[in-house]
Amino acid sequence: MIVLPHTLSEITGPVCGQGDIAETDNDLTRQHPAAPQGERIIVRGQVLDDGGRPLRKTLIEVWQANAAGRYFHDNDNHAAPLDPNFTGAGRTLTDEHGFYEFVTIRPGAYPWRNHESAWRPAHIHFSLFGPAFATRLVTQMYFPGDPLFARDPIFQSIPDERARERLIAKFDFDITKPEWALGFRFDIVLRGREATPFED
Ligand SMILES: [Fe+2]
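Nothing here was measured: the structure is a model prediction, and the numbers come from that model.

1. Description of unusual backbone geometry
Of note, the phi angle at serine 117 is positive, near 50 degrees, even though the residue is not glycine. Among the secondary structure elements, serine 117 is positioned in the loop between β5 (110-111) and β6 (119-120).

In structure tokens form, the structure reads like this:
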């Protein structure tokens, strides 16, 4: 069994609160003068409680590596290029029906030296906070079919296979925008038997 000392980039994220959310805060591809490198994607989903009730006005913050697998972060010294047009942080509030949406680029896998040839599967970190929460909840969203799942001790630290699957976004043609971006659906359930696994 491999111990899980989270690297700084795993645990640090934007905690900016819910002050004034700017129009481009949920579009990580429009926060700089030019578009970032990489494959543009749309991530959309619904935040629900255990009764399937949508949770509105929930603050969702995301942070992620760029397309090359590098975080815009002093502690990340992975030998992959930074992208001057990509910070990799965003936030938004869920709407009246508990839905959120981000436009971003698909993050790259990155090495983290935890064990020999340790590579994190591509993922987006999520933090949730809102009226229905006692504490901030943090989790990671993964992409379907990633060959790195089997060797990732963070993903595998969730013992229940069905729970692990709830961390994998689903490719979604309804969210996909023709000639523009592939769409992924990632619903987040707070509690109950179908709850999304969260980090301690
Ligand atoms: Fe990460």
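2. Description of the packing of aromatic side chains
In total, this model carries 11 aromatic pairs according to the counting rule given. Here the aromatic rings of phenylalanine 102 and phenylalanine 126 are separated by 6.4 Å at their centres, their planes lie at 90 degrees, and the arrangement is edge-to-face. Here phenylalanine 126 lies in strand β7 (residues 123-129) and phenylalanine 102 lies in strand β4 (residues 99-105), a separation of 24 residues in the sequence. In this structure, phenylalanine 102 and phenylalanine 126 share a single accessibility class: buried. An aromatic cluster is built from Tyr100, Phe102, Phe126 and Phe186, whose rings are joined through pairwise contacts.

3. What to know about the sheet that holds β7
A sheet is described by the order of its strands in space; here four strands give the open sequence β3-β2-β7-β8, paired in antiparallel fashion. Every other strand in the sheet has two partners, leaving β3 (89-93) and β8 (137-142) as the edge strands with one partner each. Taking the axes of each pair of neighbouring strands and ignoring which way they run, one obtains an average angle of 25 degrees across the sheet. Where strand β2 (residues 59-63) and β7 come together, five bridges link them in antiparallel fashion. Bridge pairing in β7 links leucine 59 to phenylalanine 129.

4. Some remarks on the pattern of salt bridges
One pass over the full model with this rule turns up 11 salt bridges. Aspartate 27 is paired through a salt bridge with arginine 30; the nearest N and O atoms lie 2.8 Å apart. Among the ionic pairs, aspartate 152 bridges to arginine 120, the shortest N-O distance being 2.9 Å. Residue aspartate 152 is found in the loop between β8 and α2 (153-156), and its partner arginine 120 is found in strand β6; the two are separated by 32 residues along the sequence. Here aspartate 152 and arginine 120 have matching classes, each one buried. Among the charged side chains, a salt-bridge network with shared partners connects Glu23, Asp27 and Arg30.

5. Observations regarding the side chain of aspartate 49
Mapped onto the elements of the fold, aspartate 49 is located in the loop between β1 (40-48) and β2. On the accessibility criterion, aspartate 49 (8% relative accessible area) is buried. Within polar-contact distance, the side chain of aspartate 49 engages the backbone nitrogen of glycine 51 at 2.9 Å. If sequence neighbours within four positions are ignored, aspartate 49 has contacts with Leu55, Val189, Leu190 and Arg191.

Conventions and cut-offs
Residues numbered from 1 in each chain as written. Predicted model: local features only at pLDDT ≥ 70, side-chain atom pairs only at ≥ 80, totals over all residues. Heavy atoms only, no water. Helix = DSSP H or I, 4+ residues; strand = E, 2+ residues; numbered from the N terminus. Phe/Tyr/Trp six-rings, centres within 6.5 Å; stacked < 30°, edge-to-face > 60°. Buried < 20%, exposed > 50% of the residue type's maximum accessible area, 1.4 Å probe, protein only. Pairing = 2+ DSSP bridges. Axes fitted to C-alpha atoms, helices over the stretch in contact; angles between N-to-C directions. Salt bridge = Lys/Arg side-chain N within 4 Å of Asp/Glu carboxyl O. Polar contact = N/O pair within 3.5 Å; in protein donor to acceptor, adjacent residues only side chain to side chain. Contact = heavy atoms within 4.5 Å.

Purely geometric numbers; function is a separate question.
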